[in-house]
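Breakdown of the fold
The residues making up each chain are set out below.
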Amino acid sequence: MGPCFFDTLKAQPSWVLLLFSLGSFSILKFSLAVLKWVYVSFLRPAKNLKKYGSWALVTGPTDGIGKSFAFELGRKGLNLVLVGRNPGKLRDVSDSIKAKYGKIEIKNVVVDFGGDLDEGVKRIGEAIDGLDIGVLINNVGISYPYARFFHEVDEELLRNLIKVNVEGTTKVTQTIMPGMLKRKKGAIVNIGSGAAIVIPSDPLYGVYAATKAYIDQFSRSLYVEYKDRGIDVQCQVPLYVATKMASIRRSSFFVPSTDGYARAAMRWIGYDPRCTPYWPHSLLWGLAHSLPEFVIDAWRLRFCLGIRKRGQLKDSRKTE
């Protein structure tokens, strides 16, 4: 049957052979992509993070994804430097991690990323002096209270979005980098957003999406700069996760809990420069890229206008 097939194929016009070759190549390429996705999503082993160093630093560790990262790193036996603005919450998280995972060291550093950032970064530098910080999780970030047009973004919110999301991540990375360079090893994880990468636009969240686009490009550039020096820089791109910031209370198949996301995220640290660790999110990413941009734009605008309307209604009830 095989020879007959090839004999028939040889008898075809050249344009048929060309189409057949292109089709075969496309099928092969798609098959290899699927096999790679299966491997990295389910089969590839996680790296031993202790090889980077015995300490990890997490910003924004008192709630949401950052808190779950702190617990997962503690479970792996790494000592922790937790950086947040609320000393009470930092203490509670530290005590909970120690009670659950036992003999690890934890240092708390109080920093308000929306306040005196230079002073805060100085405190971080003092706290990590002499520590082999092997893993940095730049998780701290803020978004809009709810969707709004750009002209409705007040000066304080605009300033804090840029200061916390852009300047905070940049300066913390700048503080940690010299130690990693000295030891010639380290892993940096910057938390991005599907709002900046997966979808073509994020109307009514424009400044937030732009700050996360900065994180993506910042991460990729550092990855290229430092990959030959033993430092793995990565931008993780979650879609919706059940957090207070996303105003989502319940998790689902496509919206993981923060613990579910962090468990998946740990397996990706040290690998690709950009990734979506929670595998159902990668399915949504593929769907988004298969649709015309104007379709996604129209859906997203309609969706965000609904969020804005509910937010304005909630505000109006507060003033009554």
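Residues numbered from 1 in each chain as written. Predicted model: local features only at pLDDT ≥ 70, side-chain atom pairs only at ≥ 80, totals over all residues. Heavy atoms only, no water.

In terms of regular secondary structure, the chain is built from eleven helices and seven strands. Expressed as a percentage of its 320 residues, the buried residues of the chain come to 45%. When the accessible surface of the chain is split by element, carbon and sulfur atoms take 58% of a total near 17,400 Å². Here the chain contributes 45 positive and 29 negative side-chain charges, whose respective centroids are spaced 6 Å apart. (Helix = DSSP H or I, 4+ residues; strand = E, 2+ residues; numbered from the N terminus. Buried < 20%, exposed > 50% of the residue type's maximum accessible area, 1.4 Å probe, protein only. Areas by Shrake-Rupley, 256 points an atom, 1.4 Å probe, with all protein chains shown as cover. Lys, Arg positive; Asp, Glu negative; His and termini not counted. Charge placed at Lys NZ, Arg CZ, Asp CG, Glu CD.)

Attention now moves to the side chain of Thr258. In this structure, Thr258 sits in helix α9 (residues 258–266). At 2.9 Å, the side chain of Thr258 forms a polar contact with the side chain of Ser68. (Polar contact = N/O pair within 3.5 Å; in protein donor to acceptor, adjacent residues only side chain to side chain.)

Tallied over the entire structure, the rule returns ten salt bridges. The residue Arg44 makes a salt bridge to Asp272 at a minimum N-O spacing of 3.3 Å. Taken together, the residues span a long stretch of sequence, with Arg44 in the loop between α2 (14–43) and β1 (55–59) and Asp272 in the loop between α9 and β7 (274–275) at a distance of 228 residues. A salt bridge links Asp232 to Lys47; the nearest nitrogen and oxygen atoms lie 3.8 Å apart. Linking Asp232 in strand β6 (residues 231–236) with Lys47 in the loop between α2 and β1, this pair joins segments that are 185 residues apart in sequence. When salt bridges with common partners are traced through the structure, they connect Asp118, Glu167 and Lys171 into a single cluster. (Salt bridge = Lys/Arg side-chain N within 4 Å of Asp/Glu carboxyl O.)

All we've got here are geometric facts, nothing functional implied.
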